[in-house]
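The lines below spell out each chain.
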Amino acid sequence: MSAPDVVTYGEIMGNFVATEVGPLEKATLFERRLAGSELNVAVALARLGHRTGYVGRVGDDPLGDAARARLRQEGIDDTHVRAEDHAVTGIQLKQRVLVGDPRYVYYRRGSAGSLLAPSPETLAYVASARHLHATGIPPALSATARRFAYEAMEAARDAGAGVTFDPNLRPTLWPDHGEMTRLVDDLARRADWVLPGVAEGEALTGRREPEAIAGHYLSRGARGVAVKLGAAGAMLFTPEGSWTCPPFRVVTVDTIGAGDGFAAGFVSGLLDGLDEERRLRRACAVGALATSNKGDNEGMPTRAELDALLAADLPMEGTR
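The rules behind each value
- Residues numbered from 1 in each chain as written.
- Predicted model: local features only at pLDDT ≥ 70, side-chain atom pairs only at ≥ 80, totals over all residues.
- Heavy atoms only, no water.
- UniProt positions renumbered as here; feature names shortened; annotations may be inferred.
- Helix = DSSP H or I, 4+ residues; strand = E, 2+ residues; numbered from the N terminus.
- Rg over C-alpha atoms; globule rule 2.2 N^0.38 Å.
- Buried < 20%, exposed > 50% of the residue type's maximum accessible area, 1.4 Å probe, protein only.
- Areas by Shrake-Rupley, 256 points an atom, 1.4 Å probe, with all protein chains shown as cover.
- Lys, Arg positive; Asp, Glu negative; His and termini not counted.
- Charge placed at Lys NZ, Arg CZ, Asp CG, Glu CD.
- Contact = heavy atoms within 4.5 Å.
- 1 Å grid on protein atoms, 1.4 Å probe; cavity = no way out; pocket = protein on both sides within 12 Å on 5 of 7 lines; lining within 4 Å.
- Points joined across faces, edges and corners; volume = space filled by probe spheres on them.
- Nonpolar A, V, L, I, M, F, W, Y, C, P; charged D, E, K, R; others polar.
- Arc of directions from axis to C-beta.
- Phe/Tyr/Trp six-rings, centres within 6.5 Å; stacked < 30°, edge-to-face > 60°.
- Lys NZ or Arg CZ within 6 Å of the ring centre and 35° of its normal.
- Expected span 1.5 Å × (residues − 1).
- Salt bridge = Lys/Arg side-chain N within 4 Å of Asp/Glu carboxyl O.
- Pairing = 2+ DSSP bridges.

Going by an unreviewed UniProt entry, the protein carries the name Sugar kinase and comes from Microbispora triticiradicis. Word for word, the UniProt comment on the protein under Sequence similarities (unreviewed entry) is "Belongs to the carbohydrate kinase PfkB family."

A.B. asks: Tell me about the overall build of the protein, and please be specific about residues and values.
C.D. replies: In terms of regular secondary structure, the protein is built from 10 helices and 13 strands. The C-alpha radius of gyration of the protein comes to 18 Å, within 12% of the 20 Å expected for a compact globule of 320 residues. For the protein, the residues scored as buried account for 59% of the 320 residues in total. Carbon and sulfur atoms form 51% of the exposed surface of the protein, whose accessible area is close to 13,200 Å². Across the protein, the centroid of the 36 positively charged side chains sits 1 Å from that of the 42 negatively charged ones.

A.B. asks: Describe in detail the environment of Val 225, supporting the description with residues and values.
C.D. replies: Looking at the secondary structure, you find Val 225 in strand E11 (residues 224-228). Note on Val 225: relative accessible area 0%, which makes it buried. Taking C-alpha positions, Val 225 is 8.6 Å from Asp 192, a pair spaced 33 residues apart along the chain. In contact with Val 225, other than residues within four places in its own chain, are Val 194, Pro 196, Ala 214, Tyr 217, Leu 218, Met 235, Leu 236 and Phe 237.

A.B. asks: Tell me about the layout of surface pockets, and name the residues and values.
C.D. replies: Here the largest pocket is characterised by a volume of approximately 1,300 Å³. Around the largest pocket, the lining is made up of 48 residues, and of these Asp 101, Thr 255, Gly 257, Ala 258 and Gly 259 lie nearest the centre. Looking at the lining of the largest pocket, the elements with two or more residues in it are helix H1 (37-47), strand E6 (91-96), strand E7 (104-107), helix H6 (198-205), helix H8 (258-271) and helix H9 (276-290). Residue composition of the lining of the largest pocket, by class: 22 nonpolar, 14 polar and 12 charged. In terms of lining, the second largest pocket is formed by 13 residues, of which the most central are Arg 108, Arg 109, Ala 140, Thr 172 and Leu 173.

A.B. asks: Tell me about helix H3 (residues 120-128), and name the residues and values.
C.D. replies: An α-helix turns once every 3.6 residues. As a result, residues three or four positions apart point the same way. Within H3, the full set of buried residues consists of Thr 122, Leu 123, Tyr 125 and Val 126. Along H3, the residues classed as buried sweep out an arc of 155° about the axis, all on the same side. Of the exposed residues in H3, those oriented more than 90 degrees away from the buried face are Pro 120 and Glu 121. If you follow the buried residues of H3, they end up packed against strand E1 (6-10), strand E4 (52-59), strand E5 (77-84), strand E8 (131-135) and helix H4 (143-158).

A.B. asks: I'd like a rundown of the packing of aromatic side chains, residues and numbers included.
C.D. replies: This model, assessed by the stated rule, comprises three aromatic pairs. Considering the side-chain rings of Tyr 9 and Phe 148, the 4.9 Å spacing of their centres and the 65° angle between planes classify their relative orientation as edge-to-face. Placement of Tyr 9 in strand E1 and of Phe 148 in helix H4 is noted, with a sequence separation of 139 residues between them. No difference in accessibility class separates Tyr 9 from Phe 148, as the two residues are buried. When the ring centre of Tyr 106 is taken as origin, the NZ or CZ atom of Arg 108, which lies over that ring, is 4.4 Å away.

A.B. asks: Give a detailed account of H9, specifying residues and quantitative values.
C.D. replies: For H9, which comprises 15 residues, the first-to-last C-alpha distance of 21 Å matches the rise-based estimate of 21 Å (1.5 Å per residue) to within 8%. Most of H9 is tucked away: 13 of the 15 residues are buried.

A.B. asks: For the pattern of salt bridges, give the residues involved together with the corresponding values.
C.D. replies: If you walk through the whole model with that rule in mind, you get 22 salt bridges. One salt bridge connects Glu 31 with Arg 33, and the closest N-O pair in it is separated by 3.3 Å. Looking at Glu 31, the relative accessible area reads 28%, which means it is partly exposed. Of the residues examined, Arg 33 reaches a relative accessible area of 12% and is grouped as buried. Among the salt bridges present, the one from Arg 68 reaches Asp 78, with a minimum N-O distance of 3.2 Å.

A.B. asks: Describe the side chain of His 50, listing the residues and the values that go with them.
C.D. replies: You can see His 50 is positioned in the loop between H1 and E4. Taking relative accessible area as the criterion, His 50 reaches 6% and is therefore assigned buried. Here His 50 is in contact with Asp 5, Leu 45, Ser 268, Leu 271, Asp 272 and Arg 303, once residues within four sequence places are set aside.

A.B. asks: Tell me what's going on with the pairing of strand E2 (residues 13-21), and back it up with residues and numbers.
C.D. replies: Bridge count for E2 against strand E3 (residues 30-35) is six bridges, and the pairing is antiparallel. Along E3, the bridge assignment pairs Met 13 with Ala 35.

A.B. asks: Account for the environment of Ala 87, naming residues and giving values.
C.D. replies: Tracing the chain through its elements places Ala 87 in the loop between E5 and E6. Setting aside residues no more than four positions away along its own chain, Ala 87 makes contact with Gly 59, Asp 60, Asp 61, Gly 110, Ser 111, Ala 112 and Leu 115.

Printed below as a string of structure tokens:
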């Protein structure tokens, strides 16, 4: 593969989804899939036609083999995904629900994914891309993964690449809530584009209104802040103005992956040079389509599926 358009990094986990609706403690049968916020973004970007690379660690085990095979199947460059002999691929148990967000439980402490660490090769790979997409999850996994997060962002910025950052707060992975918000906010301030949910934005900035959350990062040099409003859509703020995108009308099967789809759509719009209005609309459309399948990333759309939804839905209302 030639130099990637976009690189992301993180942990791919085995995702065991209950086959019947109900509490996880009562589930006896599970369907094995693959999960990970950054995997979801990578799948979506590859399906939208962008050259996509992934950096990470998996176990030298069947789940690790499945993870690398899935990357290759989606056309994602796995050259910098290393199999670890002495650590296992992490797993996640996921509840089956009919309405709302499912419960999920991690088993990833000390997993292969937590062994991610910077190296000259991986940092050069990041620097070769046009864009880096980062999240707040890897820094919670280990000190070395945290160091990779900082050095990857620095390598991308030094190379002139764009950087998006999705906070993706995971309190259960952090020993201390204050440490989580301090460190994730610090990383977010180093990005060009910050993509928080409104609740995440409040946790990180202490401010509730989307405009105030955006102002926290715009005043520190961000080029733009897209605030996800859940079922209410999303808003994009830049120093030049603001734009609003109402939700798209789709049949929601599983809400997990919506934020990752939004991030992928936003990055895709940046790579394609879309203006703010169309970039936000693409992000909302990919996020909506991501909820149309019971898997975390199986519903990520192709370019044709995205174009069909954009053509069928009402135009968004924007303000400048």
